[in-house]
Amino acid sequence: MFRYRIMATFLLCLVLMPLAAVAADDMEGPPGFDNWEAVLEEARGQTLNWHMWGGSDAWNSFVDIVYGGELMENYGVTLNRVPLADTVDAVNQVLSEEEAGVAHDEGSVDLIWINGENFKTLKQAGLLYGPWTLNVPNSKYLDWETGGFLLDFGEPIDYSEQPWAAGAFQWIYDTARMDAEDLPRSYAELGEWIGANPGRFTYVAPGPGAFQGTRIVKQLMYELCGGPEPFAAFDQSVWDECSPKAWEVLNAWEANLWREGATYPATANELNELFANGEVDFSLTLTGTGAARGIASGQLPETAKAYLFDANMISGFSYLAIPINSANKAAALVMGNLLVRPDMQAAQLDTNSLGTGATPVVDFSTLSEEEAQAFADIAAAIVGAADPAEFAALVPNTASEYHTLTEQNWERCVLRDEC
Amino acid sequence: MASISSRAPTSKSLARFLHYCAVAFLIFLLLTPLIAFFFNAFSFRWFYPQLFPKEISLRAWESIVASNSKVPEALLNSTILAVGVTLSSVIIGLPAARALGLYSFRGKRVIEFLIISPTIVPGIAVAMGLNINFIRWGLSGNLLGVGLVHLVPVMPYVVLTLSGVFSNYNPEYEQQARSLGAGMLATFWHVTLPAIFPGIVVASLFAYLISWSQYILTFLIGAGQVITMPVLLFSTASGSNNALTAAMSLVFVAPSILILTLTARYLSGKSSAIGGFGQL
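Predicted model, so just to flag it, every value in this text is computed and none were measured.

What counts and what doesn't
Residues numbered from 1 in each chain as written. Chains lettered and ligands numbered in written order. Predicted model: local features only at pLDDT ≥ 70, side-chain atom pairs only at ≥ 80, totals over all residues. Helix = DSSP H or I, 4+ residues; strand = E, 2+ residues; numbered from the N terminus. Rg over C-alpha atoms; globule rule 2.2 N^0.38 Å. Buried ≥ 20, exposed ≤ 12 C-beta atoms within 10 Å, placed from the backbone. Contact = placed C-beta atoms within 7 Å. pLDDT = per-residue confidence, 0-100. Nonpolar A, V, L, I, M, F, W, Y, C, P; charged D, E, K, R; others polar. Domains from an automatic or database assignment. Core = buried A, V, L, I, M, F, W, Y, C linked by C-beta atoms within 7 Å. Axes fitted to C-alpha atoms, helices over the stretch in contact; angles between N-to-C directions. Parallel < 35°, antiparallel > 145°, perpendicular 65-115°, else oblique. Left-handed = near helix turned anticlockwise from the far one by under 90°.

Q: Account for the overall build of chain A, naming residues and giving values.
A: For chain A, the helix and strand inventory stands at 14 helices and 10 strands. Radius of gyration (C-alpha) of chain A: 21 Å, near the 22 Å computed for a compact globule of 419 residues. Dimensions of chain A, computed from the C-alpha atoms along their principal axes, are close to 65 × 50 × 35 Å. The burial tally for chain A puts 54% of its 419 residues in the buried class. When contacts within chain A are restricted to residue pairs at least 6 apart in sequence, long-range pairs at least 24 apart make up 81% of them.

In structure tokens:
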């Protein structure tokens, strides 16, 4: 049991509810395909244009080498990874193509690494292919009942979005600078810590593309206003009552923040850099393996470690979606299927090899002893991850309205102090 | 007499001293960022307050030359685009520049304004509108379409530079050559071209540099199928791997520095090419 401790806390396997495994042959094909065989046949020879954020060297290499190699060798699919500076660029491309009247099998985007707002945009515009995620063979490894990924920022994924990595909000600190017992374990304690250590803390400014910052504020609201339950569905009165409390706390911090709160890091990467350079004492990550990948790539000191507060830490998922006008849907489906294959999920986790440290979404109860052991071995060798017991603090995200409201109001109420 | 003859060299050497100071200052301004890039590109775990990186590493360079690296493809695409855009912009720009430089006609100011207008309107506004049309015309996602859209920001600079050259150019030399029996082509080749050559070099340089550093237009019209150095650089810079970003930036600026060095003599103040900007 000890060896399973890390994975056991990655949320998804807390409630074990094995699905009836569906054999590939009697599974219905995804929309437009009779069965899975037809998908494989059509995919052969296609080029997959996978649009994904290109700022992570670790991700780029992993996708090119591991997925690219597997696609070419076993499926005859050529991978063309399209590096984006921002995922919204891919969404805009799909929207532009639709406006220009591009036929629904001639678009240039086949697959997008996506979540939250961008997913919602495509969904509302009716530009998503699907539902398909239940119609790929490896979907049997996911726990669709209780996996928690059916809502993406409160938006039902409608089986048109494939979860493939679990994320969890974690703080990062430097064990060389601070002892574990001195760490703040709640926002209230964090407030005291900031008061005692002026200039040593800041957080990512909430806003589009900086959802880590938004998450910090929403977690604070959880702590101030009775946990995640009131925020599960949108209720204007909850927002009206709770948000002023949050702004009050954040404004009270301000005088003792880095640069006295006159400016905030715009992205998690900027915060990470401030932390690595010793300007502030806390950074954050959403990757389940905490500081592991940052240490391996030299972006974090070797003594960095992740930890969680005692409660109200938001979890979330990375997804893939196929635009409705994709020219190579079969290849995209093959990739979607590949992403949740247990050995690929394990390879993804392994920061000591090519892996990015993204935590698996597969339900461990669907795995063989051997497959599960592979995860346990990898997890045991990871450095810089949070103490597994701390993952008990994970809670679901809010409905997306709160997300938008936080982004819209933080600047006015905290940065400009005009509320 | 003696005092006068000794004054001249003194003021001359002072002028020379000031000249060298100015040159040194300019070189300092230009090179300092590159030096920072250079250190970053070979560093690993380089954190404040270390003045110099403690750990030297070739990791960034290894990922640039790795088998999965997109840098070679991006360099090739960028080069094809820059060369193609430069050649076609000069060919398109020459007749327009000649007309604007040599003749005055009704509505000349309007035409000049229209030619400069792409430098006034934000590129993204043009690009969003063009993108839809380019998709319709099948020009999205290929080098031809991206090259065409690069011409939008490039043309003003090329036409203005060349029209400056033509405003200092006397077309009567061409008539002399023609009257001595030279054909149209021979006249262009032996008379016109040598006279305007420095201007063409400068215009080409502008065209090359603008095309080479184009991000948003390439990205939109390229639709992810045309990866160039700026596209790659922007996505890398959005991550936090400073070493890789720095190494890639060095690869990005190297060709420009090389070309600038080779064409530097045409950029000097004595060349007729620069004078043309006085027109604006």
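Q: Go over the confidence of the model for chain B, please, and point to the residues and values.
A: All names here are of chain B. Predicted confidence across chain B gives a mean pLDDT of 86, with 92% of residues reaching 70 or more. Of all secondary-structure elements in chain B, the lowest mean pLDDT belongs to helix α12 (residues 272-275), at 46, while helix α3 (residues 71-102) reaches the highest, 94. Taken together, the stretch residues 271-280 has pLDDT below 50 and engages in 27 contacts with residues farther than four places along the chain or on a different chain. ipTM for the predicted complex: 0.71, alongside a pTM of 0.80.

Q: Report on the interface of chain B and chain A, specifying residues and quantitative values.
A: How big an interface is tends to be stated in terms of the accessible area lost upon association of its parts. Tallying the contact residues gives 25 residues for chain B and 34 residues for chain A. Secondary structure elements with two or more residues in the side of chain B that touches chain A: α5 (123-136) and α10 (229-237) of chain B. Its residues assigned to classes, the side of chain B that touches chain A shows 10 nonpolar, 13 polar and 2 charged.

Q: Break down the domain arrangement of chain B for me, with residues and values.
A: Residue and element names in this part refer to chain B. Domain boundaries in chain B define domain 1 (2-59) and domain 2 (67-279). Inter-centroid distance (C-alpha atoms) of domain 1 to domain 2 is 30 Å. Taken together, the contacts link 7 residues of domain 1 with 6 residues of domain 2. Counting only elements with at least two residues in the side of domain 1 that touches domain 2, the list comes to α1 (2-41) and β1 (43-44). With 4 residues, α1 is the single largest residue contributor to the side of domain 1 that touches domain 2. Of the residues belonging to the side of domain 1 that touches domain 2, the class tally is 4 nonpolar, 2 polar and 1 charged.

Q: Tell me what's going on with the nonpolar core, and back it up with residues and numbers.
A: Grouped together as the largest cluster of nonpolar side chains are 180 residues, with contacts concentrated most on A:Val334 and A:Met335. With 12 residues, helix α6 (residues 143-167) of chain B is the largest single contributor of residues to this core. Among residues more than four places away in sequence, those in contact with A:Val334 are A:Val39, A:Leu40, A:Ala43, A:Leu71, A:Tyr75 and A:Val77.

Q: Would you mind going over the environment of A:Gly45 in detail, with residue names and values included?
A: Residues and elements named next belong to chain A. The residue Gly45 is located in the loop between α2 (36-43) and β1 (47-53) in this model. Note on Gly45: 13 C-beta atoms within 10 Å, which makes it partly exposed. For the pair Gly45 and Gly76, spaced 31 residues apart in the sequence, the C-alpha separation amounts to 5.5 Å.

Q: Tell me about the packing of helix α4 (residues 108-120) of chain B against α6(B), and name the residues and values.
A: Two quantities define a packed helix pair, namely the angle between the axes and the distance from one axis to the other. Residues and elements named next belong to chain B. Following both chains from N to C, one finds α4 and α6 inclined at 130°, their axes separated by 8 Å at the closest point. With respect to each other, α4 and α6 are oriented oblique. Seen from above, α4 lies across α6 with left-handed handedness. For the pair formed by α4 and α6, the contact residues are Ile115, Ile116, Pro118 and Thr119 on the first element and Val152, Pro153, Met155, Pro156 and Val159 on the second. When its residues are assigned to classes, the contact of α4 with α6 shows 8 nonpolar, 1 polar and no charged.

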